[in-house]
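Examination of the molecular architecture
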Amino acid sequence: MEIKSKKLVTLDEYIIQSQNKFPGATGELSQLLRDIGLAAKIISREVNKAGITNILGVHGSTNVHGESVKRLDIFADQQLISALDRSLITCMVISEENDGIVRLNSEGGKYIVYLDPLDGSSNIDVNVSVGSIFSIYMRQPRYDQNLVEEDSLQPGSRQVAAGYVLYGSSTILAYTTGLGVSCFTLDPSIGEFVLSNSGFKIPEKGTIYSINEGSYNSWSQGLKKYIKYCQEDDPETGRPYTARYIGSMVADIHRTLVKGGIFIYPSSSRYPNGKLRLMYECNPLSFIMEQAGGTAIDGKNRIMDIRPEAIHQRVPIYIGSPENVKMARSFLEKYEEETVG
Ligand code: AHM
Ligand code: MG
């Protein structure tokens, strides 16, 4: 009898195979991605057992945005930073949990990494999915001088890699180096991320919209009209669309990638520049989205073209299937003169 078994490809194998396609590659970026994969496994283990350990709950401090910090945020931050520090490839980390830049032991390392170590962490207490986000840049342009914050302020179009880990009903890691999106699922029985999809593509158009509608009164006219458009009855165009909002950006974006549609975190009177951060939330997820065939704009312009001015800068975001984002943009354009709030 012939035994046919499907060959499992692990994250580490896949990264090395991909690296081998580039003669002359130093292997440093591959190492960096593997370091993140290892930290993700450790974070996944802790997130999964959060309910049965005392790691759940508020740490007692507030982060740079004045939000209360959960213990798992700190744990995830430490795991990712120490994984990156060990391999001496990364010179600097910027993380949601740290006010300023974090200089690592390798001042000569050529990569700069932005991290949201545990996004959506307010959802942990209610057993809802959370995620980690990473964004990788080459250090430039002043290679041989002291590291300063400005070295990290590069537009998203300069990312050399980006990705996310979703701690959901299973743990998924998705990343891109600019050659499409590859997805891996953590197999807990062998403790490895296993390739589940390479060349991941978002549907051109979807029938799900995702936004926190509690803020409706503080939206712009254009956005209010667009959401009304999504809710109108028109079976030919699949409307009314379905509303889905998890409140964990990684989970909302993952669903949008798989099913299509649009995710919006707009500017409002409460958050004039939106709530989400350009460098470690919007840029990396925009890179993934574009590599999957989707679009990401701030309402008008491409997110990845924005010239950053501050490491913790916020930006409004409209991200998802190209057709949906185009339609939202046309509503915003049409009602542009009518201001927020
Ligand atoms: P966090 O980084 O403090 O967890 O906040 C970011 C999260 C995103 O995951 C999510 O999209 C958004 O905040 C939800 O915000 P809101 O509760 O205002 O809808
Ligand atoms: Mg976040």
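The protein goes by Fructose-1,6-bisphosphatase class 1 in an unreviewed UniProt entry, where it is assigned to Rhodohalobacter mucosus. Per UniProt, the protein carries the Subunit (unreviewed entry) text "Homotetramer." For the protein, the Subcellular location (unreviewed entry) comment in UniProt is given as "Cytoplasm".

1. Some details on the packing of aromatic side chains
The geometry of an aromatic ring pair comes down to the distance between the two centres and the angle between the two planes. Applying the stated criterion to the full structure yields 11 aromatic pairs. Ring geometry for Y229 and F331: centres 5.3 Å apart, planes at 45 degrees, overall tilted. Here the residue Y229 occupies a position in helix α4 (residues 221–231), and F331 occupies one in helix α7 (residues 322–334), the gap between them amounting to 102 residues. Judged by relative accessible area, which is 12%, Y229 ranks as buried.

2. Side note on helix α6 (residues 278–291)
Side chains of residues three or four places apart in an α-helix project in the same direction, reflecting 3.6 residues per turn. The buried count for α6 comes to 13 of 14 residues, which makes it a mostly enclosed element. One or two positions beyond α6, positive phi appears at G293, with a value near 95 degrees.

3. Focus: the packing of α4 against α7
Remark: α4 packs on α7, axes separated minimally by 8 Å, with the N-to-C direction vectors making an angle of 135 degrees. Accordingly, the angle class assigned to the pair α4 and α7 is oblique. The crossing of α4 and α7 is right-handed. For the pair formed by α4 and α7, the contact residues are G222, L223, K225, Y226 and Y229 on the first element and N324, M327, A328, F331 and L332 on the second. Tallied by class, the residues present in the contact of α4 with α7 amount to seven nonpolar, two polar and one charged.

4. Concerning the environment of Y226
Take Y226: it is sitting in helix α4. Taking relative accessible area as the criterion, Y226 reaches 1% and is therefore assigned buried. C-alpha separation for the pair Y226 and F331, spaced 105 residues apart in sequence, amounts to 5.8 Å. Those residues in contact with Y226 that sit more than four places away from it in its chain are I262, I264, N324, M327, A328 and F331.

5. Section: the coordination of the magnesium ion (ligand 2)
Each protein donor to the magnesium ion (ligand 2) is listed here as D116 (OD), D119 (OD) and E281 (OE); together their distances run 1.9 to 2.1 Å. Read from N- to C-terminus, the donor residues coordinating the magnesium ion (ligand 2) fall into the pattern D-x2-D-x161-E. Taken together, the residues span a long stretch of sequence, with D116 in strand β5 (residues 111–119) and E281 in helix α6 at a distance of 165 residues. Like D116, the residue E281 is buried in the burial classification.

6. A short note on the environment of L38
Looking at where L38 falls in the secondary structure, it is placed in helix α2 (residues 28–48). Once the C-alpha coordinates of L38 and G191 are considered, the two residues, 153 residues apart in sequence, prove to be 9.8 Å apart.

7. Examining the side chain of S95
Among the secondary structure elements, S95 is positioned in strand β3 (residues 90–95). You can call S95 buried: its relative accessible area is 0%. At 2.7 Å, the side chain of S95 and the side chain of D77 are in polar contact. Sequence-distant contacts of S95, defined by excluding residues within four places in its chain, comprise D77, L115, P117 and H312.

8. Some thoughts on a nonpolar patch on the surface
A cluster of nonpolar side chains, namely V126, V128 and I246, defines an oily patch on the protein surface of about 220 Å² accessible area. Tracing the chain through its elements places V128 in the loop between β5 and β6 (130–138). Residue V128 is classed as partly exposed on the basis of its relative accessible area of 30%.

9. Describing the pattern of salt bridges
Following the criterion strictly, the structure yields 14 salt bridges and no others. R45 serves as the salt-bridge partner of E46, at 3.2 Å between the closest nitrogen and oxygen. Its relative accessible area of 48% is what places R45 among the partly exposed residues. Each member of the salt-bridge network shares a partner with another, and the members are R45, E46 and K49.

10. Side note on the layout of surface pockets
Estimated volume of the second largest pocket: approximately 490 Å³. Taken together, 24 residues form the lining of the second largest pocket, with S18, Q19, F22, T177 and L179 sitting closest to its centre. Listed by contribution, the elements that provide at least two residues to the lining of the second largest pocket are α1 (11–20), α2, β8 (171–176) and β9 (181–187). Tallied by class, the residues present in the lining of the second largest pocket amount to 11 nonpolar, 11 polar and two charged.

Rules behind the numbers
Residues numbered from 1 in each chain as written. Chains lettered and ligands numbered in written order. Predicted model: local features only at pLDDT ≥ 70, side-chain atom pairs only at ≥ 80, totals over all residues. Heavy atoms only, no water. UniProt positions renumbered as here; feature names shortened; annotations may be inferred. Phe/Tyr/Trp six-rings, centres within 6.5 Å; stacked < 30°, edge-to-face > 60°. Helix = DSSP H or I, 4+ residues; strand = E, 2+ residues; numbered from the N terminus. Buried < 20%, exposed > 50% of the residue type's maximum accessible area, 1.4 Å probe, protein only. Axes fitted to C-alpha atoms, helices over the stretch in contact; angles between N-to-C directions. Parallel < 35°, antiparallel > 145°, perpendicular 65-115°, else oblique. Left-handed = near helix turned anticlockwise from the far one by under 90°. Contact = heavy atoms within 4.5 Å. Nonpolar A, V, L, I, M, F, W, Y, C, P; charged D, E, K, R; others polar. Donors = N, O, S within 2.8 Å, 3.2 Å for Na, K, Ca; no water. Polar contact = N/O pair within 3.5 Å; in protein donor to acceptor, adjacent residues only side chain to side chain. Patch = residues over 30% accessible without salt bridge, like charges linked within 9 Å, V, L, I, M, F, W, Y side chains within 5 Å. Areas by Shrake-Rupley, 256 points an atom, 1.4 Å probe, with all protein chains shown as cover. Salt bridge = Lys/Arg side-chain N within 4 Å of Asp/Glu carboxyl O. 1 Å grid on protein atoms, 1.4 Å probe; cavity = no way out; pocket = protein on both sides within 12 Å on 5 of 7 lines; lining within 4 Å. Points joined across faces, edges and corners; volume = space filled by probe spheres on them.

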